[in-house]
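Analysis of the macromolecular model
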Amino acid sequence: MARGNAKRQALLKRKHEKDLLLKKEEKIKNSETISIPQIFEEWLKPCRYKIGYGGRGAGKSWNIAILLVLQSLEKQLRILCCREYQANISQSVHRLLQDIIHRFGLSAYFNITKTEITCTLTGSQFLFKGLHHNPYEIKSLEGVDICWVEEGQSVSKQSWDILIPTIRKNNSEIWVSFNPDLETDETYQRFVMNKGDNVLLQKINFDANPYFPDVLREEMEHCKRTDKEAYNNIWLGECRKYSDAQIFKDKFEIVDFETPQNIKFLFGADWGFAKDPSTLIRCFIVENTLYIDKELYAVGVDLDQLPNFYRAMPHIEKSRIMADNSRPETIHFMKKKGFWIEGAKKWGGSVQDGISIMKGFDKIIIHSSCKHTADEFRFYSYKVDRLSNEVLPVIEDKHNHCIDAIRYALDGHIRNKKPMKFR
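This section reports on the structure supplied with the text. Keep in mind that this is a model prediction, so the values were computed, not measured.

1. Structural notes on helix H6 (residues 186-193)
- Every buried residue of H6 is listed here: Thr187, Tyr188, Phe191 and Val192. The arc enclosing the buried residues of H6, seen along the axis, measures out at 100°, which places them on a common side.
- Looking at the packing, one finds that the buried side of H6 touches strand S1 (49-53), helix H5 (157-166), strand S7 (173-178) and strand S8 (199-203).

What follows is the structure in structure tokens.
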């Protein structure tokens, strides 16, 4: 009798395992086909350094993540995913890798925790580290097969000097993806301007991405029409020129940071006119530093779309929003939709006074996820005389939709037309 029960249990166990396998196979069969653009096929060949740089919308991060997931399924690898600043795991590529694993029906082959991803077939392991705050932890890492450095334009010389000797396993590789900023940046100098041996260097722009989304195409076309220099940098991956005309040139940093608990948020909104973008910015002040941690930005948002557009912003439902007062009818409409929204005060010279207040902070810290805000701070400039090349005391009326929203958010702090200290 006992033998009969054991035999039945063994048969049931085998049937259960077979059913699970069939479900896995069916899930993979019904999942989206995995494919990568032709330009990334070169990344399958062995090479010490693989560098992908260029403009926005090229799919660099997405396709690199796909390649790493596929390689982790083939053999046991230890893959280090890092960036210069990473305050927590949410600021890493952990979520991107997780999304790819789920999208392509591979969840059955990976164990995903809050801090690591492990392939249960091969034992491959994905680790996630920030370079700037963990130099000694990085130095102690052993046995890394592939190191992927995301947002490489921000990586300092000190971080590279620590990281490169750490990735010392035989046949180990360092993969770097980035959107260029200044020609003088360490990563651009190290891998593009002074390209060494055993380096795969590829400039990858949106035209290499067969899935370039329409929403980004609208932004790109708007940028192309309104500012050629910004278009060349943001979308074509050309280096930005550092200019004395840049208004906030020494004032801001673009980093990852954790937003404190129980902080008082300030919200500012700028309306989109015709093809101009609509923006909603969240910021806060600690000591005498202004932090910008969330942005909403979209071209072509119609009036009836604004409420849902705004609701994508965390903590917005019961917070006061200071908005451009030139559209009282829009403010009235948003009030009827349940938003606490008011028009920010304006006066002759209020733009200049707002800039003075912003420059009065010790520092302006922009979260790296706020890409449009960061772009504007890079390009917001005074006019330059074409003949004498002299910087004029006149502000260019462009690259200011997020910046205007920030000025509105600071309404009430701009008093007596001079910078104030905040505590």
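2. A word on the sheet that holds strand S10 (residues 266-270)
- The strand order across the open sheet formed by seven strands is S9-S15-S12-S11-S10-S13-S14, and the pairing between neighbours is mixed. The open sheet has two free edges, formed respectively by strand S9 (252-255) and strand S14 (340-343), since each of these has just one partner strand. For this sheet the average axis-to-axis angle between neighbouring strands, irrespective of direction, equals 30°.
- Across three bridges, the pairing between S10 and strand S13 (residues 320-323) is parallel. By the bridge assignment, Gly268 is partnered in S13 with Met322.
- Sitting on the sheet, helix H12 (residues 371-379) touches S9, strand S11 (277-286), strand S12 (289-299) and strand S15 (363-367), and the angle it makes with S12 is about 110°.

3. Some words on the packing of H12 against helix H13 (residues 401-409)
- It is at 8 Å that the axes of H12 and H13 come closest, and there the two elements cross at 95°. Classified by the angle their axes make, H12 and H13 are roughly perpendicular. For the pair H12 and H13, contact is made by His372, Thr373, Glu376 and Phe377 and by His401, Cys402, Ile403 and Ile406, respectively.
- Across the contact of H12 with H13, the residue classes break down as four nonpolar, three polar and one charged.

4. Points about the sheet that holds strand S3 (residues 110-112)
- Read across the open sheet, the eight strands follow the order S3-S4-S5-S2-S6-S7-S1-S8; overall the sheet is mixed. Looking along the sheet, the strands with just one partner apiece sit at the ends: S3 and S8. Across the sheet, the mean angle separating the axes of adjacent strands is 15° when strand polarity is ignored.
- In the sheet, strand S2 (residues 78-83) pairs with strand S5 (residues 125-130) via six bridges, with the strands oriented parallel. Residue pairing in the sheet places Leu80 in a bridge with Leu127 of S5.
- Docked against the sheet, helix H3 (residues 94-103) engages S2, S3, strand S4 (117-119), S5 and strand S6 (146-149), running at close to 140° with respect to S3.

5. Examining the pattern of salt bridges
- In this structure the tally under the stated criterion is 24 salt bridges.
- Among the salt bridges present, the one from Asp181 reaches Arg240, with a minimum N-O distance of 2.8 Å. Residue Asp181 is located in the loop between S7 and H6, and its partner Arg240 is located in the loop between helix H8 (228-234) and S9; the two are separated by 59 residues in the primary sequence. The two residues Asp181 and Arg240 agree in class, both being buried.
- Salt-bridge contacts for Arg311 lead to Glu317; the nearest nitrogen and oxygen are separated by 3.4 Å.
- For Arg311, a relative accessible area of 36% gives the class partly exposed.

The rules behind these values
Residues numbered from 1 in each chain as written. Predicted model: local features only at pLDDT ≥ 70, side-chain atom pairs only at ≥ 80, totals over all residues. Heavy atoms only, no water. Buried < 20%, exposed > 50% of the residue type's maximum accessible area, 1.4 Å probe, protein only. Helix = DSSP H or I, 4+ residues; strand = E, 2+ residues; numbered from the N terminus. Arc of directions from axis to C-beta. Contact = heavy atoms within 4.5 Å. Pairing = 2+ DSSP bridges. Axes fitted to C-alpha atoms, helices over the stretch in contact; angles between N-to-C directions. Parallel < 35°, antiparallel > 145°, perpendicular 65-115°, else oblique. Nonpolar A, V, L, I, M, F, W, Y, C, P; charged D, E, K, R; others polar. Salt bridge = Lys/Arg side-chain N within 4 Å of Asp/Glu carboxyl O.

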